[in-house]
Amino acid sequence: AQSVTQLGSHVSVSEGALVLLRCNYSSSVPPYLFWYVQYPNQGLQLLLKYTSAATLVKGINGFEAEFKKSETSFHLTKPSAHMRDAAEYFCALGGAHGSGYSTLTFGKGTMLLVSP
Amino acid sequence: DGGITQSPKYLFRKEGQNVTLSCEQNLNHDAMYWYRQDPGQGLRLIYYSQIVNDFQKGDIAEGYSVSREKKESFPLTVTSAQKNPTAFYLCASSIAPGQGALSTYGYTFGSGTRLTVV
């Protein structure tokens, strides 16, 4: 069965500091992976996705993620945090559900807190 | 602009009552999904539908029901059999069934409905 693990339910950084949000996955087939962001009481917005074209993926708002097959990881980074980056971030893995259709499996989320 | 509309944004119901959450999309997407979100639990799949008049159970379908009579609409009913219905419910869609479309486009999400049962 496929799964997604996000290390750290909360990450705190200072404004201007590096952001690193960790995601590890388990999949028996080549994975396709996503990062989504959620602001309070809103839906999820796609940040970036990995679909095997390139291991370093650039997304919106200055975020990027690197796919490392040997480490089964897809960590999200941003060189310099901004106050507006404070939100919850979800890593998601695409694959076949039990019925055979494809769905996304989400991690439990990491809340990013940014202090002035 | 195209998108997914979930209504209402906030919903209060008494324990033991059934309640239906609306999800409408004008993106012409074939596949639609319902997820439940609880603090610290991430998103868990309730039901999904790849085409009209067909749907599949997700990981936590007990106590929920859905219908897909129109391509644009995928309402979710939370029944009295659901033990802990208070949660944030998210509807999503993808352009077409299958891994190809999902891997390329991912999901588009609605803004959610927060259901509180008292």
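Given the structure is predicted, the values throughout are model-derived calculations rather than measurements.

Conventions we followed
Residues numbered from 1 in each chain as written. Chains lettered and ligands numbered in written order. Predicted model: local features only at pLDDT ≥ 70, side-chain atom pairs only at ≥ 80, totals over all residues. Heavy atoms only, no water. Helix = DSSP H or I, 4+ residues; strand = E, 2+ residues; numbered from the N terminus. Rg over C-alpha atoms; globule rule 2.2 N^0.38 Å. Contact = heavy atoms within 4.5 Å. Areas by Shrake-Rupley, 256 points an atom, 1.4 Å probe, with all protein chains shown as cover. Lys, Arg positive; Asp, Glu negative; His and termini not counted. Charge placed at Lys NZ, Arg CZ, Asp CG, Glu CD. Buried < 20%, exposed > 50% of the residue type's maximum accessible area, 1.4 Å probe, protein only. pLDDT = per-residue confidence, 0-100. Buried area = accessible area lost by both parts, 1.4 Å probe. Salt bridge = Lys/Arg side-chain N within 4 Å of Asp/Glu carboxyl O. Polar contact = N/O pair within 3.5 Å; in protein donor to acceptor, adjacent residues only side chain to side chain. Nonpolar A, V, L, I, M, F, W, Y, C, P; charged D, E, K, R; others polar. Pairing = 2+ DSSP bridges. Axes fitted to C-alpha atoms, helices over the stretch in contact; angles between N-to-C directions.

Trainee: Can you walk me through the overall build of chain A in this structure?
Mentor: Counting its secondary structure elements, chain A contains 0 helices and 11 strands. Element order for chain A, N to C, with α for helix and β for strand: β-β-β-β-β-β-β-β-β-β-β. Computed over the C-alpha atoms, the radius of gyration of chain A is 14 Å, within 12% of the 13 Å expected from 2.2 N^0.38 for a compact globule of 116 residues. Its C-alpha atoms put chain A at 45 × 30 × 20 Å along the principal axes. Counting contacts in chain A only where the partners sit at least 6 residues apart, residues at least 24 apart contribute 55% of the total. For chain A, the exposed area adds up to about 5500 Å²; of that, 53% sits on carbon and sulfur atoms. Side-chain charges in chain A split into 8 positive and 6 negative, and the spacing between the mean points of these groups amounts to 5 Å.

Trainee: Looking at this structure, how should I read the environment of Leu11(B)?
Mentor: Residue and element names in this part refer to chain B. Within the secondary structure layout, Leu11 lies in strand E2 (residues 10-13). Classification of Leu11 as buried rests on a relative accessible area of 8%. Between the C-alpha atom of Leu11 and that of Ala81, which follows or precedes it by 70 residues, the distance is 18 Å. Not counting residues up to four positions away in its chain, the partners in contact with Leu11 are Val19, Leu21, Thr113, Arg114, Leu115 and Thr116.

Trainee: Sorry if this is basic, but what is going on with the confidence of the model for chain A here?
Mentor: As a note on interpretation, predicted positions should not be read in detail where pLDDT is low. On average, chain A scores 92 in pLDDT, and the residues at 70 or more come to 97%. Mean pLDDT in chain A bottoms out at strand E10 (residues 102-106) of chain A, which sits at 90, and peaks at strand E8 (residues 73-78) of chain A, which reaches 98.

Trainee: In this structure, what is going on with the interface of chain A and chain B? I would like to understand it.
Mentor: You'll often see interface size given as the accessible area lost when the parts meet. Between chain A and chain B, the residue contacts involve 22 residues of the former and 31 residues of the latter. Contact between chain A and chain B buries roughly 2000 Å² in total, counting both sides, with carbon and sulfur atoms accounting for 57%. The interface formed by chain A and chain B contains 0 salt bridges. In this assembly, chain A and chain B are joined by 6 residue pairs in polar contact (both at pLDDT 80 or more). When residues of the side of chain A that touches chain B are traced back to their parent elements, those giving at least two are strand E4 (32-38), strand E5 (44-50), strand E9 (87-96) and E10 of chain A. Here the residues of the side of chain A that touches chain B are counted per class, giving 9 nonpolar, 10 polar and 3 charged.

Trainee: Just to check I follow, could you spell out the sheet that holds strand E1 (residues 3-7) of chain A for this structure?
Mentor: Backbone hydrogen bonds are what pair the strands of a sheet, in a parallel or an antiparallel way. Residue and element names in this part refer to chain A. The strand order across the open sheet built from 5 strands is E1-E3-E8-E7-E6, with neighbouring strands paired in antiparallel fashion. A strand with exactly one partner marks an edge of an open sheet, and here the two such strands are E1 and strand E6 (56-58). Put simply, the sheet's adjacent strands are angled 20° from each other on average, direction ignored. Summarising the sheet, strand E7 (residues 64-68) and E8 pair through 5 bridges and their orientation is antiparallel. By the bridge assignment, Lys68 is partnered in E8 with Ser73.

Trainee: Looking at this structure, I do not really get unusual backbone geometry. What am I missing?
Mentor: Leaving glycine out, the prevailing phi sign among residues is negative, and the prevailing peptide bond configuration is trans. All names here are of chain B. Going from Ser7 to Pro8, the amide bond is cis rather than trans, its omega being -10°. Tracing the backbone shows Pro8 in the loop between strand E1 (4-7) and E2. For Asn28, which is not glycine, the phi dihedral falls at a positive 60°. Along the chain, the position of Asn28 falls in the loop between strand E3 (19-25) and strand E4 (31-38). Classification of Asn28 as exposed rests on a relative accessible area of 54%.

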